[in-house]
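# Descriptive structure summary
Spelled out, the chains give:
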Amino acid sequence: MEQIIFHIDVNSAFLSWTAVKLLKEGNDVDVRTIPAIIGGDREKRHGIVLAKSISAQKYGIKTGEPVADALKKCPDIMIIPPEHEYYREQSRKFISILKEYTSDIEQVSVDECYFDYTGIQNKFSSYMSAAEVIKNRIQNESHHKLIPDPERRNTLRLFHRRLSELKRYGKHLKSLTG
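The present account deals with the structure reproduced in this document.

What counts, and at which threshold
- Residues numbered from 1 in each chain as written.
- Predicted model: local features only at pLDDT ≥ 70, side-chain atom pairs only at ≥ 80, totals over all residues.
- Heavy atoms only, no water.
- Core = buried A, V, L, I, M, F, W, Y, C linked by side-chain atoms within 4.5 Å.
- Buried < 20%, exposed > 50% of the residue type's maximum accessible area, 1.4 Å probe, protein only.
- Helix = DSSP H or I, 4+ residues; strand = E, 2+ residues; numbered from the N terminus.
- Contact = heavy atoms within 4.5 Å.
- Salt bridge = Lys/Arg side-chain N within 4 Å of Asp/Glu carboxyl O.

Next up on the list: the nonpolar core. Core analysis: the largest hydrophobic core is formed by 32 residues, its most contacted members being F6, F94, L98 and F115. Listing elements by their share of this core, those giving two or more residues are β1 (4-10), α1 (13-24), β2 (36-38), α4 (84-99), β6 (112-116) and α5 (127-142). Apart from residues no more than four positions distant in its own chain, L98 is found in contact with I8, I105, C113, F115, I134 and I138. I37, A56, A70 and C74 belong to the second-largest nonpolar core, a separate cluster that totals ten residues.

Structure (structure tokens):
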């Protein structure tokens, strides 16, 4: 049986999770659709960009750059302070859903993990159908609204890569490979 590993990554997790929260709280605007960033402080012109919307990206704003630089590129950009405890809570929910399928998960960040599909492949007709089922479940349970993005098809990316390909990219999967 060939080992298949999914790479699962919530795109722009901080921005996506914040957008869903703000919409639930009654915000009229989905911050994923306007120039917006997570991170820093507008008044102090301090901090870095932790996440950005697609609209902010069109201004040349990059994750990791100083907020002061982002403000020079787009003076009217919406700056939203990060809520790290909320992001950890969303991460726990995300991983909890995945653990209902398999315990063979290596979490590498708050919004990213490797998921060993090998042990559950008999439950699905193909790895692609499994990826679609899992992706849809995460989106439905997290209430993520998909925003069209020419560079990415969905808010949540699911990729499969064979173990040898992961090793070639230098990913250390000790907990999954024994």
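A complete count under the given rule lists eleven salt bridges for this structure. Two residues, K93 and E89, come together in a salt bridge whose shortest N-O distance is 3.5 Å. One end of the pair, K93, and the other, E89, are both in helix α4, four residues apart, so they sit about a helical turn from each other. Take K93: its relative accessible area is 45%, and that puts it in the partly exposed class. What emerges from the salt-bridge pattern is a single network uniting K21, E25 and E83.

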